[in-house]
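For reference, the chains in residue letters:
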Amino acid sequence: MANALIYCQSGGGKTVNATRVDGKMNLLMCSDNSQVVLNNPEFKRDNLDMKIISNYESFIKDFETAVKSGKYENIILDNLSDIFDLGILEMEASGKYKDMRKAYLLIYHALKRLARKSGQVGCNVIFTCWETFDDDVVMPDGTIGKRIKPRLPEKIIDSVLGLCNVVGRIENKIGQDGNVHYYYNYVGSAKMYGKDQLFNRKYGKPEKIFNGKDKGEM
């Protein structure tokens, strides 16, 4: 099985598109209340179970339980940026950490372990993230610009993305039918993070992220 991370700005379609993934039965584990968008009739998912991530302490255990159930072809963790924030807030509120650097380190290690494990379980796993921008970086032509990236701590972003088979940014275009059509951009460059180790695609449809039947489609 495989794992993937998709990202875009808040409200850019992470939950709607991640849950489009082909699968007889999928699970959405959501921390940021964005599951409410699926209440809209046009986004109804008959093949989807949903679980709210209400606290950081139990979410990895809940993820492991879902994996062991063997019920799901795909598990979507929505979203990793917010799950990190949730963990820090809970640890700060617990009063157990006089030095919060220890709390940060514990979460760094937990998320790196999660990214590694997600590629070694009996189902596919999709992480979602909000996006942010690097400070100014030097482009190949020598100009200065900003690189779009998933919003994860600098200390773990390379580890998490390196452990994912697919990294894609959600983008969209207006089709000939006049409607907005979403696709994943997998082209890694100095301007954005992206890769597709599974099928070497540049672009692809959210439904086909793990089966490669959309090679080059936008």
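Refer to the structure presented above.
Not measured: the values here are computed from a predicted model.

Cut-offs and rules
- Residues numbered from 1 in each chain as written.
- Predicted model: local features only at pLDDT ≥ 70, side-chain atom pairs only at ≥ 80, totals over all residues.
- Heavy atoms only, no water.
- Helix = DSSP H or I, 4+ residues; strand = E, 2+ residues; numbered from the N terminus.
- Buried < 20%, exposed > 50% of the residue type's maximum accessible area, 1.4 Å probe, protein only.
- Contact = heavy atoms within 4.5 Å.
- Areas by Shrake-Rupley, 256 points an atom, 1.4 Å probe, with all protein chains shown as cover.
- Core = buried A, V, L, I, M, F, W, Y, C linked by side-chain atoms within 4.5 Å.
- Arc of directions from axis to C-beta.
- Polar contact = N/O pair within 3.5 Å; in protein donor to acceptor, adjacent residues only side chain to side chain.

J.: Would you mind showing me how to read the overall build of the protein here?
T.: When its secondary structure is counted, the protein shows five helices and twelve strands. Summarising its shape, the C-alpha atoms of the protein cover approximately 55 × 50 × 30 Å along the three principal directions. The 218 residues of the protein split such that 49% are buried. Restricting to contacts in the protein with at least 6 residues of sequence separation, those with at least 24 account for 59%. Here the protein has roughly 11,300 Å² of accessible surface; of this, 48% comes from carbon and sulfur atoms.

J.: Honestly, the nonpolar core in this entry has me stumped. Any pointers?
T.: Nonpolar side chains in soluble globular proteins generally cluster together in the buried interior. If you look at the biggest cluster of nonpolar residues, it comprises 41 residues, and the most contacted ones within it are Leu5, Ile75 and Leu80. Of all the secondary-structure elements, those providing two or more residues to this core are β1 (3-8), β2 (26-30), α2 (56-69), β4 (74-78), α3 (80-94), α4 (100-118), β5 (124-133) and α5 (154-162). With seven residues, the single largest contributor to this core is α4. Setting aside its immediate chain neighbours within four residues, Leu5 contacts Phe127, Cys129, Pro150, Leu152, Val160, Leu161, Cys164, Val166, Val167 and Gly168. Counting 20 residues, the second-largest nonpolar core is a separate cluster that includes Ile6, Cys30, Leu48 and Ile170.

J.: I would appreciate a short explanation of α5 in the present structure.
T.: For α5, the set of buried residues is Ile156, Ile157, Val160 and Leu161. The buried residues of α5 occupy one face: seen down the axis, they fall within an arc of 125°. Counted as exposed and oriented over 90 degrees from the buried face of α5: Lys155 and Asp158. Contact partners of the buried residues in α5: β1, α3, α4, β8 (148-150), β9 (166-174) and β11 (195-196).

J.: What should I look at first to understand unusual backbone geometry in this one?
T.: Outside of glycine, negative phi angles account for most residues, and trans bonds account for most peptide bonds. Between Asp78 and the following residue, Asn79, the backbone shows a cis peptide bond with an omega angle of 0°. Tracing the backbone shows Asn79 in the loop between β4 and α3. One non-glycine residue, Asn33, lies in positive phi territory at about 70°. Assignment of secondary structure puts Asn33 in the loop between β2 and β3 (48-52).

J.: What is the right way to look at the side chain of Asp214 in this model?
T.: As for its position among the elements, Asp214 is in the segment after β12 (203-204). Reaching out from Asp214, the side chain makes a polar contact with the side chain of Arg201 at a distance of 2.9 Å. A distance of 2.5 Å separates a polar atom in the side chain of Asp214 from the backbone nitrogen of Lys205. Not counting residues within four places of it along the chain, the set of residues in contact with Asp214 comprises Arg201, Tyr203, Gly204, Lys205 and Lys208.

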